Amino acid sequence: MQYTHTSKIANVIKRDGKVLMTTTKGDIPLVAERGEGDFIYDISGNRFVDFSSFISVYNFGVNSTRQVRDAIKRQVDTLMHSAFTDYYAQAPVAFAENLITMFPSGFGRVFFSNSGTEANEAAIKFSRYFSRRQYMMGFYNAFHGRTMGALSLTISKGVQRGRFGPFGAAVHAPYAYCYRCPLGKEYPSCALACVDHIKKAILSKEVSPKEVAAIFMEPVQGEGGYIVPPKEFAREIRAIADDNGIILVSDEVQAGYMRTGKFLAMDNFGVKADIYTMAKAVGAGLPMGVTVTRKSLGDMPLGAHSNTFGGNLAAVAGADAQLRYVKSHMASLASQASSKGALITKRLRAMANSNELIGDVRGLGLMIGVEFVKDRKSKEPAVKERDAVLMESFKNGLVMLPCGESSIRIIPPLTISIQHLRQGLDILEDAIEAVAKKDRKGS
Ligand SMILES: Cc1ncc(COP(=O)(O)O)c(C=O)c1O
């Protein structure tokens with residue numbers, strides 16, 4: 001499919017620029033109108049294979065499943081909002097009970113909000129409250145959201161923090177980004193020098209571990225570049241938390257909800273956190289965030305934290321229908337994530353053999369990142385080339401998202417057909433070839 005840029009599309013984009021304050025839109029002129037299964041359609045009838053799941057929200061098909069949509073419609077006709085934080089309602093309680101069954105034993109408290117940043121905001125407040133400590137520890141390249149508490153931990157791009165400080169009490173540690181080790185080491189000969197640095201520099205010189213309430217960790221860094229750490233890294237972080245009475249928060253807003261093949265991404269490392277935060281896919285297309293805590297952490301007093309829309313009935317109806325779908329398709333979803341993820345990485349690694357632009361291909365399940373470089377020796381980030389690959393792919397019928405400095409995320413719905421997956425990969429391969437060719441001509 002060749003994309004047609006119509007005046008209708010141009011008109012919406014122009015009006016958007018006049019009235020909307022700030023967003024994260026790039027150059028891709030997608031004006032979405034309709035979605036179904038593996039495809040997104042824009043307002044002029046252009047059709048795209050979806051490799052974005054609209055930022056890992058539609059993990060089970062664009063616009064979710066019919067059962068989810070029907071459940072939401074039924075609830076909309078009955079009662080959409082019931083001020084669940086002030087009065088009682090059956091559906092949010094049932095959903096919380098259902099959700100808890102997906103967590104390790106001992107997890108028993110759910111807090112509902114409307115987004116990832118709010119789920120993390122709650123986790124920050126709960127950790128401070130339970131531990132009576134003030135500091136948070138996060139990681140370089142982390143993204144936990146944009147409200148002030150979460151932003152204290154977010155450190156993936158300068159623009160996200162510029163002119164917004166001062167921030168809450170937070171320190172940042174090196175994440176095991178082994179392709180570009182922040183300490184200039186090589187894995188595995190480094191013996192996880194990043195962990196050593198956390199112990200010997202950050203938690204002994206910058207802040208006392210006894211003052212750290214929580215460590216916030218994305219099991220796979222998302223916005224920061226789809227960075228998958230070695231398994232031992234997560235285990236070492238768990239050990240640091242255990243040794244110092246620190247709460248470990250796993251931010252699963254992007255990596256959770258089957259995206260990596262497991263309901264909880266942290267399970268890939270054999271690690272259990274103390275608090276999990278989720279959003280994006282949980283609400284099946286409606287806004288929902290959840291913060292799930294170990295019962296042993298304790299309870300918050302009434303009124304210490306709350307909101308208006310948490311447990312919104314329409315959102316809960318969709319989320320519960322989706323969770324039932326996930327539970328009854330667990331094994332198939334897990335195997336689709338791993339087999340389709342393997343298919344994509346194999347193909348991209350084969351492309352990398354003949355294309356210097358591809359510096360690194362990494363991923364877990366169906367959460368895959370491709371990092372673009374000017375050449376493999378210098379590893380200089382190829383930002384313009386990455387953007388050109390996104391645009392070229394879009395023009396040929398494939399929607400994807402950037403991440404990190406020069407990477408692309410490949411996150412189709414887990415249910416994408418093999419045929420459409422291959423179709424998307426063909427478009428991506430042609431786009432990378434076209435951009436590389438242009439580069440060769442230009443140099
Ligand atoms: C890991 C992670 N945490 C938190 C957030 C913030 O979520 P929201 O945009 O819903 O506030 C995101 C969003 O991309 C995310 O990827």
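Since this is a predicted model, take the numbers as computed values, not measurements.

Concerning the domain arrangement of the chain
Here the domain parsing of the chain yields domain 1 (7-63 + 330-442) and domain 2 (66-328). Here the C-alpha centroids of domain 1 and domain 2 sit 25 Å apart. Every contact between the two is made by 29 residues of domain 1 and, on the other side, 25 residues of domain 2. Elements with a minimum of two residues in the side of domain 1 that touches domain 2: α2 (53-56), α11 (330-353), β11 (358-364), β12 (367-372) and β15 (407-410). Looking at the side of domain 1 that touches domain 2 element by element, the count peaks at 5 residues for α11. Taken together, the residues of the side of domain 1 that touches domain 2 break down into 15 nonpolar, 9 polar and 5 charged.

Quick word on unusual backbone geometry
Each neighbour pair has its own omega, and for Gly165 with Pro166 the value is 0°, a cis peptide bond. Mapped onto the secondary structure, Pro166 falls in the loop between α7 (158-161) and β6 (170-173). Phi at Ser64 is positive, roughly 60°, even though this residue is not glycine. Structurally, the position occupied by Ser64 is in the loop between α2 and α3 (66-78). The backbone phi angle of Tyr257 is positive, close to 60°, even though this residue is not glycine. With respect to the helices, strands and loops of the structure, Tyr257 is situated in the loop between β8 (247-251) and β9 (275-278). For Tyr257, a count of 28 C-beta atoms within 10 Å corresponds to the buried category.

Some points on the site of the ligand
Around the ligand lies a shell of 14 residues, among which Ser115, Gly116, Thr117, Val253 and Gln254 are the nearest. Element by element, the count of residues in the shell around the ligand is highest for helix α5 (residues 116-131), at 3 residues. Taken together, the residues of the shell around the ligand sort by class into 3 nonpolar, 8 polar and 3 charged.

Digging into the nonpolar core
Counting residues in each nonpolar core, the largest one holds 129 residues, and the members touching the most others are Met136, Ile215, Ile247, Leu248, Val249, Val290 and Leu398. Per-domain counts for this core show at least three residues from each of domain 1 (7-63 + 330-442) and domain 2 (66-328). In this view, Ile247 contacts Ser127, Phe130, Ser131, Ala213, Ala214, Ala241, Asp274, Ile275 and Leu297; residues no more than four positions away in its chain are not counted.

Rules behind the numbers
- Throughout, residues of each chain are indexed from 1 in the direction in which the sequence is written.
- Restriction of local features to residues with pLDDT of at least 70 applies here, the model being predicted, together with a cutoff of 80 or more for giving and counting side-chain atom pairs; totals for whole chains, interfaces and linings are based on all residues.
- An automatic or database domain assignment supplies the residue ranges for each domain.
- A residue pair is marked as a contact if its C-beta atoms, positioned from the backbone, fall within 7 Å.
- Helix numbers and strand numbers start at the N terminus; a helix is a DSSP run of H or I with at least 4 residues, a strand a run of E with at least 2.
- The nonpolar class holds Ala, Val, Leu, Ile, Met, Phe, Trp, Tyr, Cys and Pro. Asp, Glu, Lys and Arg form the charged class, and all remaining residues, Gly among them, are polar.
- Whether a residue is buried, exposed or partly exposed is read from the other C-beta atoms within 10 Å of its own C-beta, which are placed from the backbone; 20 or more gives buried, 12 or fewer gives exposed, and intermediate counts give partly exposed.
- We call a residue near a molecule or strand if the C-beta atom, set from the backbone, is within 6 Å of it.
- Take the buried Ala, Val, Leu, Ile, Met, Phe, Trp, Tyr and Cys residues, join any whose C-beta atoms are within 7 Å, and the set you get is a nonpolar core.

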